[in-house]
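Chains, contacts and geometry: an overview
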Amino acid sequence: MAMDGYEVVFWNENQVQQGIPSKDVVTYTTADEKDAISWCNSMFDAGYKVSMTYDTTNHVFVCIAIK
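The shown structure was predicted, so the numbers you read here are calculated from the model rather than taken from an experiment. (Residues numbered from 1 in each chain as written. Predicted model: local features only at pLDDT ≥ 70, side-chain atom pairs only at ≥ 80, totals over all residues. Heavy atoms only, no water.)

A short note on the overall build of the protein chain
Heads up, the rule is: In DSSP terms, a helix is any run of H or I states spanning at least four residues, a strand is any run of E spanning at least two, and both are numbered starting from the N terminus. Only protein chains enter the accessibility calculation, which uses a 1.4 Å probe; a residue is then buried when its area is under 20% of its type maximum, exposed when over 50%, and partly exposed in between. Note on contacts: a residue pair qualifies if any of its non-hydrogen atoms lie within 4.5 Å across the two residues. Accessible areas in this description were obtained via Shrake-Rupley with a 1.4 Å probe; residue shielding takes into account the shown protein chains only.
Scanning the protein chain from N- to C-terminus turns up 1 helix and 4 strands. Along its sequence from the N terminus, the protein chain presents helices and strands in the succession β-β-α-β-β. The 67 residues of the protein chain split such that 27% are buried. Restricting to contacts in the protein chain with at least 6 residues of sequence separation, those with at least 24 account for 63%. If you sum the accessible surface of the protein chain, you get close to 4700 Å²; carbon and sulfur atoms cover 50% of it.

Here it is in structure tokens:
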């Protein structure tokens, strides 16, 4: 879906604290879709809210994890 222009976001509402400013933001870019998905899954498992988009100009996945 990211390659089709959608922002893919997933989180565990039991782990993400609403209304508290984020202190930890990690950005990861890769041209490898499987690598992007693996990184996002790892960060999700670590309790981060994760988003993934596809940069059509640079042909990379942009993954952002926020805790």
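Quick look at the packing of aromatic side chains
In this description, an aromatic ring pair is defined by two values, namely the gap between the centres and the angle between the planes. This is how it is decided: Stacked, tilted and edge-to-face are the three classes applied to pairs of Phe, Tyr and Trp rings, where Trp contributes its six-membered ring and a pair requires centres within 6.5 Å; stacked means planes under 30 degrees apart, edge-to-face means over 60, and tilted covers the rest.
In this structure the tally under the stated criterion is 2 aromatic pairs. On the numbers, 5.2 Å between centres and 15° between planes, the contact of Tyr-28 with Trp-39 is stacked. Taken together, the residues Tyr-28 in strand E2 (residues 25-30) and Trp-39 in helix H1 (residues 33-45) connect sequence positions 11 residues apart.

Section: the environment of Val-8
In this fold, Val-8 is placed in strand E1 (residues 8-10). Residues Val-8 and Thr-53, 45 residues apart in the sequence, show an inter-C-alpha distance of 6.5 Å.

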